[in-house]
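# Coordinates in review
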Amino acid sequence: MSIAVNCEQCGVSFRVSDAMGGRRGKCPKCMTVIQVPQASAPDVAASKTAQPAAVQQAAVRSAAVVPAVAPPPKGPAASAAGTPAAGSDAAARVAAPGSPELYREVLAAFQGSFTSVPQPLLYRLGALLVAVVMVLLPMIYIALIGVVCYAVYYHTVNHTGMLGEASGRGAAVVFLAYLAPLIVGSILILFMVKPLFARSAAAGRQRSLTRDGEPLLFAFVDRLCEAVGAPKPRRIDVNCEVNASAGFRRGWFSMFGNDLVLTVGMPLVAGLSMQQFAGVLAHEFGHFTQGAGMRLTYVIRVISFWFTRVVYERDEWDRWLADSTNDLDLRIAWVLYLAKLFVWLTRKILWVLMVIGHGVAGFMMRQMEFDADRYEARLAGSDAFAATARQLVVLNVAYQGAQQDLQSFMHDGRLGDDLPRLMMVNVGQLTPAVHETIDSMIAESKTGLLDTHPCDRERIEMARRENAPGIFHSSRPATDLFRHFESLSKNVTWDFYRDVFGPQFKPEDMHPLDHLLARQAKDQDVAKALDRYFLGSFSMLRPILLPAFAQGPPDSPRKTAERLKEARRRMTDAHPAYQQAYGVYDESDTCILQSAQAAALLESGLRIRSADFAIPVGSPKQAIDASDQACARQHRSKADLEAFEKAAAERLFAALQLLHAPQLTARLAEAPQLCEEVNDLLPVLSVLARALEDMLRLRNAHAAMFALATSLEGNEHNQSLIGVLREHMQQVAAGLNDLQQQWLRADYPFEHAKGPMSLEQYLIPKSFLADDLGSLHEAAAEVLEKLPTLYVRVAGRLATIAEQVETAIGIDRRDGPE
């Protein structure tokens, strides 16, 4: 039994053991001291059934078995994949989550005996080969350091005679010749030794579970370990990744025992059935059984990561060496240039060793993955393995979609409080076309030479060759294994945000996901209305030119309605020509953008590949000529564009004027509120429309600046490049300043977590400096992301209101595209 507790400080809900009844404790989220209420019988019943947002949670659980639009499994896979058969859902849920009945049901789902997986000869040979190579590689690196140290020592001791062979000015040159190898060698030794002592990146926040808190999960894990013959993990951690992993609890200190930790991602749990989840864990426990192989894999990964850092990592020492060569006189700096050359050569040698290590390690790790896959197939079944492999791809696609949703939520200063659930919402939104793409991607996947994991196609083929029926079958969602799944999901979401944003992230920055999803759904409806209203041809490249204010009710509502209908007819008539002209306009815009990048790179003296551009890039003049020709094409297409756009603007504004007519107010209950909203949105739309041309100029300057900045590495001394980069930085700064001035007096028209603000505060929330490349890039990128989104949102909301007006006067919106 457990007791429900609500924190009044941060609003989080969680459950504690009934032994805590009447005692004081701390909220796990905000650490506020809370008085735990006494346990009661109704509370126990509520713990089994009541959940916030029951409708959404039910949808998530349904999607956790099979995505809403995913093609249903066929044949044996329908049952093996953990998908409930028709009519079995009610029977499967007789045992409520957290109940003793469920405990017995889950453990009873293990039937039959597990067939052990022998380690093939290829696996053992791979382990031996990798052991030899991975030990040799760091020894080679250390030997290189030893060679350089000996060379410096040998020169220091044996070449002192050269100091007495010259006099006068010649003595100074000889002394420098004697000193140069000492300086170069010492710098080289420092740069070779520093990776040995460099600190690793800090690990993300981990949250550990307890047997008292999640008894069914621990019993389930124990039973799985017994089935596959693996040592039981001493700790189970949860995080916010679509993954599960097995490893040593204390790193190197746990290498020689069974001090293991299992880490489970809550998004993974949200998206799998219990049978699929059991297979994934069996895969990880298969690694546990590999004994020496798992330990060897740990060493391989550590050494491979270390070599990657040696080759690619740059720190303050590297910047010091680069800056010193720029600041010193060439008569002195030549020694540092020579040191840079040797450091570069050393890293190239290490790059070769790294590739060799990755190649050999990849072979070994792929064999280990195949070995662990057999555990999964024999535990959950070969058909379930194929379904799980596909579902993992689906979840990763949906997880990326959830990340994009978070970025959208951040525009209004809010972040959802449940990332796993948000991912599952995205699973349900994946279209059949996306699922077809996923199937094609799996079918066409190939394993690379340096890959540490086999491709999905090969893994599925291997599992099918096993032809295993599996010994665990359950159609329940994996979430039923967790007593506190919802609160854990919110807790790992909090951990994720803290890892990304740091300690400055506060509990009040998280908002209920239900509210954000409702806002998102409204925004999606608005986007659909915009698409309908403009016949699928709304464009960010072409502004909507409307008066900044509606001038009250029209003199003749009847004539205004007729004008609206006539404008709609003209829109429909002009639409085919508009589409053709817009294709030319859009293609020309791409040419202008590429011309800006190409011209900047060519002016700086850099060589560029013609294959990277769709325009002639032989010289700066060619790039500029291509831009001029594109502008001319755009100008020639304007007549066909404007015919449609003027009709659309007349139609939209006529509808917004009719909203103020008393006759319409009687038909629309919300007319007064809509009038007020229109009065707020029209000035914003006008300001944003005027800014679109300036935004495109900023986009072109920013694209050129970014192309130049990404070419800096290896060209730090190219003064022409630096000069052209500074020019484009000034252009970006000027563009941002112009936009700031336009937005100072306009208000952001929607609700924001930080309260009322101007457009300037919303679109450019951080300061920037004209000579600071980083702040310029960040500010311009934010404007280029937020401005189009806001413009669409404002225009879409006006289109939504206009549709309501047209419906009220008898115009069926279905006449336009749905």
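About the thresholds
Residues numbered from 1 in each chain as written. Predicted model: local features only at pLDDT ≥ 70, side-chain atom pairs only at ≥ 80, totals over all residues. Heavy atoms only, no water. Helix = DSSP H or I, 4+ residues; strand = E, 2+ residues; numbered from the N terminus. Buried < 20%, exposed > 50% of the residue type's maximum accessible area, 1.4 Å probe, protein only. Contact = heavy atoms within 4.5 Å. Areas by Shrake-Rupley, 256 points an atom, 1.4 Å probe, with all protein chains shown as cover. Salt bridge = Lys/Arg side-chain N within 4 Å of Asp/Glu carboxyl O. Axes fitted to C-alpha atoms, helices over the stretch in contact; angles between N-to-C directions. Parallel < 35°, antiparallel > 145°, perpendicular 65-115°, else oblique. Left-handed = near helix turned anticlockwise from the far one by under 90°. Phe/Tyr/Trp six-rings, centres within 6.5 Å; stacked < 30°, edge-to-face > 60°. Lys NZ or Arg CZ within 6 Å of the ring centre and 35° of its normal. Pairing = 2+ DSSP bridges. Nonpolar A, V, L, I, M, F, W, Y, C, P; charged D, E, K, R; others polar. Core = buried A, V, L, I, M, F, W, Y, C linked by side-chain atoms within 4.5 Å. Patch = residues over 30% accessible without salt bridge, like charges linked within 9 Å, V, L, I, M, F, W, Y side chains within 5 Å. Disulfide = S-S within 2.5 Å. Expected span 1.5 Å × (residues − 1). Bend = angle between axes of the 7 residues up to and from the residue. Polar contact = N/O pair within 3.5 Å; in protein donor to acceptor, adjacent residues only side chain to side chain. pLDDT = per-residue confidence, 0-100.

When its secondary structure is counted, the protein chain shows 27 helices and ten strands. Among the 818 residues that make up the protein chain, the fraction classed as buried is 49%. The long-range fraction of contacts in the protein chain, counting pairs at least 24 apart against all pairs at least 6 apart in sequence, stands at 78%. Roughly 39,900 Å² of accessible area belongs to the protein chain as shown, and the carbon and sulfur atoms make up 57% of that amount.

Here the structure, examined in full by the defined rule, presents 35 salt bridges. Glu466 serves as the salt-bridge partner of Arg378, at 2.6 Å between the closest nitrogen and oxygen. Remark: Glu466 occurs in helix α17 (residues 456-466) and Arg378 occurs in helix α13 (residues 330-380); sequence separation between them is 88 residues. Relative accessible area serves as the criterion here: at 18%, Arg378 is assigned to the buried category.

On to the packing of helix α24 (residues 671-709) against helix α25 (residues 719-743), then. It is the contact of α24 with α25, at a shortest axis distance of 9 Å, that shows an interaxial angle of 160°. Considering the angle they form, α24 stands roughly antiparallel to α25. Here α24 runs over α25; the crossing is left-handed. Where α24 approaches α25, its residues Val687, Leu688, Arg690, Ala691, Asp694, Leu698, Ala701, His702, Ala704, Met705, Leu708 and Ala709 are matched on the opposing element by Leu721, Val724, Leu725, His728, Met729, Gln731, Val732, Leu736, Leu739, Gln742 and Trp743.

Turning our eyes to something else, we now look at the packing of aromatic side chains. This model, assessed by the stated rule, comprises 20 aromatic pairs. With a centroid separation of 5.1 Å and an interplanar angle of 45°, the aromatic rings of Tyr497 and Phe505 are classed as tilted. Here Tyr497 matches Phe505 in class, with each residue buried. Judged by centre distance (5.6 Å) and plane angle (15°), the ring pair of Phe501 and Phe505 falls under stacked. By relative accessible area, which is 25% here, Phe501 ends up partly exposed. For Phe505, a relative accessible area of 4% translates into the label buried. Arg793 extends its terminal NZ or CZ atom over the ring of Phe750, reaching a point 3.9 Å from the ring centre.

Along any regular strand the residues' side chains alternate between the sheet's two faces. For strand β8 (residues 260-265), the tally of buried residues reaches six of six residues, placing the bulk of the element in the interior. Where burial is concerned, the two faces of β8 agree: the one with Leu260, Leu262 and Val264 and the one with Val261, Thr263 and Gly265 are both buried. Both strand β6 (residues 235-239) and β8 contribute to a ladder of five bridges, which runs parallel. Of the residues in β8, the one forming a bridge with Asn239 is Gly265.

Running from N to C, helix α14 (residues 382-410) and α17 point in directions that differ by 165°, and their axes come no closer than 8 Å. Between α14 and α17, the angle is such that the two are roughly antiparallel. In this structure, α14 meets α17 at a crossing whose hand is right-handed. Here Ser382, Phe385, Ala386, Ala389 and Val393 of α14 come into contact with α17, specifically with Asp456, Arg459, Ile460, Ala463, Arg464 and Glu466. Tallied by class, the residues present in the contact of α14 with α17 amount to six nonpolar, one polar and four charged.

This next bit is on the nonpolar core. Of all hydrophobic cores here, the largest spans 98 residues; its most connected members are Leu659, Leu688, Trp743 and Leu759. Examining the composition of this core, we find that 21 residues originate from one element, α24, more than from any other. Formed by 80 residues, the second largest nonpolar core is a distinct cluster that contains Val221, Ala227, Phe505 and Leu516.

By secondary structure assignment, the location of Leu759 is in helix α26 (residues 759-763). As for Leu759 and Leu739, which are separated by 20 residues in sequence, their C-alpha atoms are 9.9 Å apart. Here Leu759 is in contact with Val684, Val687, Leu688, Trp743, Ala746, Asp747, Tyr748, Pro749, Ile764 and Leu790, once residues within four sequence places are set aside.

Another point: a nonpolar patch on the surface. A cluster of nonpolar side chains, contributed by Leu128, Val132, Val135, Leu136, Met139 and Ile140, occupies part of the molecular surface with about 540 Å² of accessible area. For Leu128, a relative accessible area of 56% corresponds to the exposed category.

This paragraph deals with the state of the cysteines. Here the structure, examined in full by the defined rule, presents zero disulfides. Unpaired in this structure, Cys591 has its nearest cysteine sulfur neighbour in Cys631, at a distance of 8.6 Å.

With that out of the way, let us pick up the pairing of β6. Judged by how many residues are buried, β6 sits mostly within the fold: four of five residues are covered. Across two bridges, the pairing between strand β5 (residues 207-208) and β6 is antiparallel. Pairing of Ser208 across the sheet is with Asp237, part of β6.

Take helix α20 (residues 557-603) next. Note that an α-helix has 3.6 residues per turn; residues three or four places apart therefore point the same way. Across its 47 residues, α20 extends only 59 Å between first and last C-alpha, which sits more than 12% below the 69 Å expected from 1.5 Å per residue. The sharpest bend along α20 comes to roughly 45°, located at His575, with the proline Pro576 sitting one to four residues further on. Looking one or two residues past α20, Gly605 carries a phi angle of roughly 90°, positive in sign.

Look at Asn467: it is not a glycine, yet its phi comes out positive at around 50°. The topology assignment puts Asn467 in the loop between α17 and α18 (485-501). For Asn467, a relative accessible area of 65% corresponds to the exposed category. For Leu535, which is not glycine, the phi torsion reads 55° and is therefore positive. In this fold, Leu535 is placed in the loop between α19 (513-533) and α20.

A separate point is the environment of Met510. With respect to the secondary-structure elements, Met510 resides in strand β10 (residues 510-511). For the pair Met510 and Gly416, spaced 94 residues apart in the sequence, the C-alpha separation amounts to 5.7 Å.

Now for the side chain of Glu803. Position of Glu803 relative to the elements: it lies in helix α27 (residues 773-808). Glu803 sits in the buried class, given a relative accessible area of 8%. Within polar-contact distance, the side chain of Glu803 engages the side chain of Arg532 at 2.8 Å. Ignoring sequence-local partners within four residues, the contact set of Glu803 consists of Ala529, Arg532, Tyr533 and Arg813.

Here the focus is the confidence of the model for the protein chain. With 77% of its residues at a pLDDT of at least 70, the protein chain reaches an overall mean of 80. Ranking the elements of the protein chain by mean pLDDT puts helix α2 (residues 54-65) last, at 30, and helix α9 (residues 266-271) first, at 96. Overall, residues 28-33 carries pLDDT values under 50, and its contacts beyond four positions in sequence, including any with other chains, amount to 19 contacts. The low-confidence segment residues 38-93 (pLDDT under 50) makes 85 contacts with residues lying over four places distant or belonging to another chain.

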